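Structure assessment
Here's the letter readout for the chains.
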Amino acid sequence: MHDVNVMIVDDDDITLTLLEHIVEELVSGEILAFSSSIKANKFLLSEDAQRIHLVICDWQMPSVSGLQILETLRIKAKDCPFFMITANPTKELVISAKRLGVTDFVAKPFSADDLTQKLSVLLEKISQT
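Read on for a plain summary of the structure.

Reading the values: the criteria
Residues numbered from 1 in each chain as written. Predicted model: local features only at pLDDT ≥ 70, side-chain atom pairs only at ≥ 80, totals over all residues. Heavy atoms only, no water. Pairing = 2+ DSSP bridges. Helix = DSSP H or I, 4+ residues; strand = E, 2+ residues; numbered from the N terminus. Axes fitted to C-alpha atoms, helices over the stretch in contact; angles between N-to-C directions. Contact = heavy atoms within 4.5 Å. Phe/Tyr/Trp six-rings, centres within 6.5 Å; stacked < 30°, edge-to-face > 60°. Buried < 20%, exposed > 50% of the residue type's maximum accessible area, 1.4 Å probe, protein only. Right-handed = clockwise from strand over helix to strand, strands pointing away. Expected span 1.5 Å × (residues − 1). Arc of directions from axis to C-beta.

1. Quick look at the sheet that holds strand β5 (residues 104–107)
Here 5 strands make up an open sheet; going across it, the order is β2-β1-β3-β4-β5 and the pairing parallel. Where the open sheet ends on each side, the last strands, each with one partner, are β2 (31–34) and β5. Taken over all neighbouring pairs, the strand axes of this sheet differ in orientation by 15° on average, direction set aside. Each of β1 (6–9), β3 (54–58) and β4 (82–86) is contacted by helix α3 (residues 66–76), which is oriented at about 175° to β4, the strand it contacts most.

Right under this line is the structure:
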């Protein structure tokens, strides 16, 4: 278990719940889950954003995209790892996201095992810093 605070953003309630369950098995810290990208973006603009150690975020959402959330995060927490979930991992998306500082990706549909493995590696790196 890693003592890490994680923010999860996904407009699909089923995916959001699945992500929460996976993260609950990996961390002992706080998990903040947002189904509204607007509320997630507002949270990242607040002082409370400083307590987040990792953001897991869907790419395509109504109102505020995952890239916009990443841009907001980089204003407040330049080094906070950002894990992108996308159903459409195009070359352009990967280039844009990497330029803005995405730490890692997983494509939908993903297996719980694949996601758990990628997050475990990332959480281990976060815990070592």
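Next, the rest of the story.
2. What to know about the packing of aromatic side chains
One pass over the structure, following the stated rule, counts 1 aromatic pair. Judged by centre distance (5.6 Å) and plane angle (40°), the ring pair of F34 and F43 falls under tilted. Here the two residues F34 and F43 agree in accessibility, since each one is buried.

3. Here's the deal with the pairing of β5
Across 4 bridges, β4 lies against β5 in parallel orientation. Bridged to T86 within β5 is A107. Taking the sense of rotation as the criterion, the β-α-β connection linking β4, helix α4 (residues 91–100) and β5 turns out right-handed.

4. Examining helix α5 (residues 112–128)
With 17 residues, α5 extends 24 Å from end C-alpha to end C-alpha; this agrees with the ideal 24 Å at 1.5 Å per step. Looking at α5, one finds that the buried residues are L115, L119, L122, L123 and I126. Angularly, the buried residues of α5 cover 105° about the axis, an arc narrow enough to put them on a single face. Exposed residues on α5 whose side chains face more than 90 degrees from its buried face are D113, Q117, K125 and Q128. Lining the buried residues of α5 we find α1 (13–24), β3, β4 and β5.

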